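Residues per chain, in single letters:
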Amino acid sequence: MTRRLSRRGRDVAVLLDDFGHRLPTALSAPAAPRERGPFPVLVPRRGPRGRGRGRSATPAPLSVWRMTSEQTPVAWPLIPTPGLPPTGAQMGIDLLSGGTFYCDPVGWVTDDAIPVTNPNVVVFGKPGRGKSATVKAFALRMLGYGYRTLILGDTKDEYEPLCRELGVEPFVIGSGLPARVNPLAFGPLGYRWERLDATEARRREAIIFARWLVLLRGLVGSQSVPFGPVEETAVGEALRLLTGYRGGATRLTEPTIPQLWRALDEPPDELVAGCRYADRRHFLDATRILRDALGALVKGSLAGLFDDHTSIDVDWRAPIQSLSLSRLEPLGDQAVGIALTCLNSWGQAMREIADPGDLRIVVRDETWRQMRLGAEAMKSLDANLRLSRRDADVQILLAHKPSDMLTAGDASSQAVAIARDLLHLCDTRVLHGQDQAVGAELGTLLGLTPVAQRVVTDWALAGKGRALWLVGDRPFKVQTVLTEPELRLTYTNDALTAGGPA
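Residues numbered from 1 in each chain as written. Predicted model: local features only at pLDDT ≥ 70, side-chain atom pairs only at ≥ 80, totals over all residues. Heavy atoms only, no water.

**A short note on the nonpolar core**
Ranked by internal contacts, the top residues of the largest apolar core, which has 62 residues, are Ile173, Val235, Leu264, Phe283, Leu294 and Trp346. Counting residues per element, the ones that place at least two in this core are β4 (147–154), α6 (198–221), α7 (229–243), α8 (257–265), α9 (269–274), α10 (280–286), α11 (288–299) and α12 (333–350). With 10 residues, α12 is the largest single contributor of residues to this core. If you look at the next biggest cluster of nonpolar residues, it comprises 36 residues, including Ala318, Ile320, Val471 and Leu489. (Core = buried A, V, L, I, M, F, W, Y, C linked by side-chain atoms within 4.5 Å. Buried < 20%, exposed > 50% of the residue type's maximum accessible area, 1.4 Å probe, protein only. Helix = DSSP H or I, 4+ residues; strand = E, 2+ residues; numbered from the N terminus.)

Have a look at this one:
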């Protein structure tokens, strides 16, 4: 008998075979071929040994980074950020996710998944980095969604080619020109006043006079003149007498700033009594500084611009309307700031009763000039930003850098506090390229992380149209893409190149 032996002795199968019993053999499945991995051979930490094989005497230094999941997509672009819904204007490419970036400020507010509570947008960037081109492209592309654009103060005539391309002639305001804008206009609230019941008349009266007081407080405050309860009472009572509201007139008369000044300078008995002064001399002594400030507006550098009834007929159904202020540049920043304040009040009047579905993009360029007039001048702008949800307006503020808005006063002043609040009233921030010196400023005022600051001061500075978009607390690294017609309409270097883009 043949016996099968093993090194360790006989196993059970051999033992049973000695007694004539054989176990059935199990069929083993063929072994699957082993896949060849991407790294079939493990390489030592310092590299393979041998001449010319790249062995390192010392290991390569490794840097360790600690960051939050919010910062990781900025530092490591292979990890995409949460995307936004594909609604609104198609602006360009989000380089963090590789997808298309869409801008829809109103839609973002109505979407609970997006951390945005208002449709306001602030755009910062060094000159020539594509701020105005981005805003123009956004306005053009939102036309298809029913939005119209209002340029409240085109200080450099940048939007005139866009207006003419859309078949609209922009209005030009300047010394010696026929266009007039009355910042004390009633607007739609004064329409068919005689048909209003008492309750609706009182409601509209409160809105109109509150807007006028905010405007006049800003204009007077721009000359470093206080506007307290005494001045407010005198101005409010004079406006009610001029309009006829105090006498119960069924058809109100629209006042102007010169009429208000003359009413205060030559007060009627009703005004003196309504302000509770003992006599006319007492009234004149108490309001002398106020009257001098209003007189300077009537007879100063802006004489003939905002001291008469509005002479322009704005077609609010047009796709775009623009009010040019470039002719005021020789008068200085204060004159332009006062003009922007007047236009701000006038534009607010035109939007106080908007038709349902009347969506509008309001562009405010060089807002820092208005903010430099002081705290009172900024309150009307502050009110517009706070009411953007109610009016369904997309308010867009443009400036070079955040600190431009903080030059309204001392660091601890009320004006600077309001300016800081304005930055936080814009939940969408578009940060184009900036110099390194602005990086720390962005971190302090906007809460940018060091990684996000480097995106603005490095990547965004290296090309036009590049910007870090902050939608709430979500960062997006966006390259705006312009079509050929848009390149022609958004080109702003004609004075430098004596022509259009190559």
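**Comments concerning the confidence of the model for the chain**
Per-residue pLDDT for the chain averages 82, and the proportion of residues at 70 or more is 85%. Low pLDDT, under 50, characterises residues 1–6; the predicted model gives this stretch six contacts beyond four residues in sequence or across chains. (pLDDT = per-residue confidence, 0-100. Contact = heavy atoms within 4.5 Å.)

**As for a positive patch on the surface**
Where like charges cluster on the molecular surface, the positive patch consists of Arg45, Arg46, Arg49 and Arg55. Take Arg46: it is sitting in the loop between α1 (12–18) and α2 (72–75). Arg46 sits in the partly exposed class, given a relative accessible area of 40%. (Patch = residues over 30% accessible without salt bridge, like charges linked within 9 Å, V, L, I, M, F, W, Y side chains within 5 Å. Areas by Shrake-Rupley, 256 points an atom, 1.4 Å probe, with all protein chains shown as cover. Salt bridge = Lys/Arg side-chain N within 4 Å of Asp/Glu carboxyl O. Lys, Arg positive; Asp, Glu negative; His and termini not counted. Charge placed at Lys NZ, Arg CZ, Asp CG, Glu CD.)

**A word on the packing of aromatic side chains**
The full count for this structure, using the stated rule, is nine aromatic pairs. Consider the rings of Trp193 and Tyr245, whose centres lie 6.4 Å apart with planes at 85°: the pair is edge-to-face. Here Tyr245 lies in the loop between α7 and α8 and Trp193 lies in the loop between β5 (171–172) and α6, a separation of 52 residues in the sequence. Relative accessible area serves as the criterion here: at 7%, Trp193 is assigned to the buried category. Where Tyr277 meets Phe283, the ring centres are 5.4 Å apart and the plane angle is 90°; that geometry is what we call edge-to-face. Looking at Phe283, the relative accessible area reads 0%, which means it is buried. Positioned over the ring face of Phe209 is Arg240, at 4.5 Å from the centre of the ring. Between Lys477 and the ring centre of Trp459, over which it is positioned, the NZ or CZ distance is 5.0 Å. (Phe/Tyr/Trp six-rings, centres within 6.5 Å; stacked < 30°, edge-to-face > 60°. Lys NZ or Arg CZ within 6 Å of the ring centre and 35° of its normal.)

**What to know about helix α18 (residues 450–459)**
The buried fraction of α18 amounts to seven of the 10 residues, a majority that puts the element mostly inside the structure. Along α18, the residues classified as buried are Val451, Ala452, Gln453, Val455, Val456, Thr457 and Trp459.

**Focus: the pattern of salt bridges**
With the rule as written, the count across this model stands at 21 salt bridges. Measuring nitrogen to oxygen at the nearest pair gives 3.9 Å for the salt bridge that ties Glu160 to Arg327. Taken together, the residues span a long stretch of sequence, with Glu160 in helix α5 (residues 160–165) and Arg327 in the loop between β6 (320–324) and α12 at a distance of 167 residues. Since its relative accessible area comes to 42%, Arg327 is described here as partly exposed. Between Arg317 and Asp315 there is a salt bridge, with the nearest N and O atoms lying 3.6 Å from each other. With a relative accessible area of 69%, Arg317 lands in the exposed category. It is possible to trace a salt-bridge network through shared partners that takes in Asp157, Glu160, Arg164, Glu169 and Arg327.

**What about the side chain of Arg429?**
Among the secondary structure elements, Arg429 is positioned in strand β9 (residues 428–432). A distance of 3.3 Å separates a polar side-chain atom of Arg429 from the backbone oxygen of Cys426. When near neighbours in sequence (up to four residues on either side) are disregarded, Arg429 contacts Val122, Leu423, His424, Leu446, Leu468, Trp469 and Leu470. (Polar contact = N/O pair within 3.5 Å; in protein donor to acceptor, adjacent residues only side chain to side chain.)

**Let's talk about unusual backbone geometry**
Its identity is not glycine, yet Asp157 carries a phi of approximately 55°, on the positive side. Looking at where Asp157 falls in the secondary structure, it is placed in the loop between β4 and α5. Here Asp157 falls in the partly exposed class, since its relative accessible area comes to 21%. Here Arg276, not a glycine, exhibits a phi torsion of approximately 65°, which is positive. On the secondary structure map, Arg276 appears in the loop between α9 and α10.

**A few points about the pairing of strand β8 (residues 393–399)**
Of all seven residues that make up β8, seven are buried, and the element is covered over most of its length. The two faces of β8 match: Asp393, Gln395, Leu397 and Ala399 on one face and Val394, Ile396 and Leu398 on the other face are all buried. Across four bridges, the pairing between strand β3 (residues 121–124) and β8 is parallel. Considered in β8, the bridge of Val122 is made with Leu397. For strand β7 (residues 359–364) and β8, the ladder comprises five bridges, and the chain directions are parallel. Across the sheet, the residue bridging to Val362 is Gln395, located in β8. (Pairing = 2+ DSSP bridges.)

**Here we look at the sheet that holds β3**
Spatially, the 11 strands line up as an open sheet ordered β2-β1-β11-β10-β9-β3-β8-β7-β4-β6-β5, and their pairing is mixed. Unpaired on one side and paired on the other, β2 (99–103) and β5 mark the two borders of the sheet. Strands in contact with α12 are β4, β6 and β7; relative to β4, the strand with the most contacts, it is inclined by about 155°. (Axes fitted to C-alpha atoms, helices over the stretch in contact; angles between N-to-C directions.)

**Regarding the environment of Tyr159**
Checked against the element boundaries, Tyr159 lands in the loop between β4 and α5. Placed 331 residues apart in sequence, Tyr159 and Thr490 show a C-alpha to C-alpha distance of 8.2 Å. Sequence-distant contacts of Tyr159, defined by excluding residues within four places in its chain, comprise Ser132, Val135, Lys136, Ile151, Asp154, Ser322, Val363 and Leu398.

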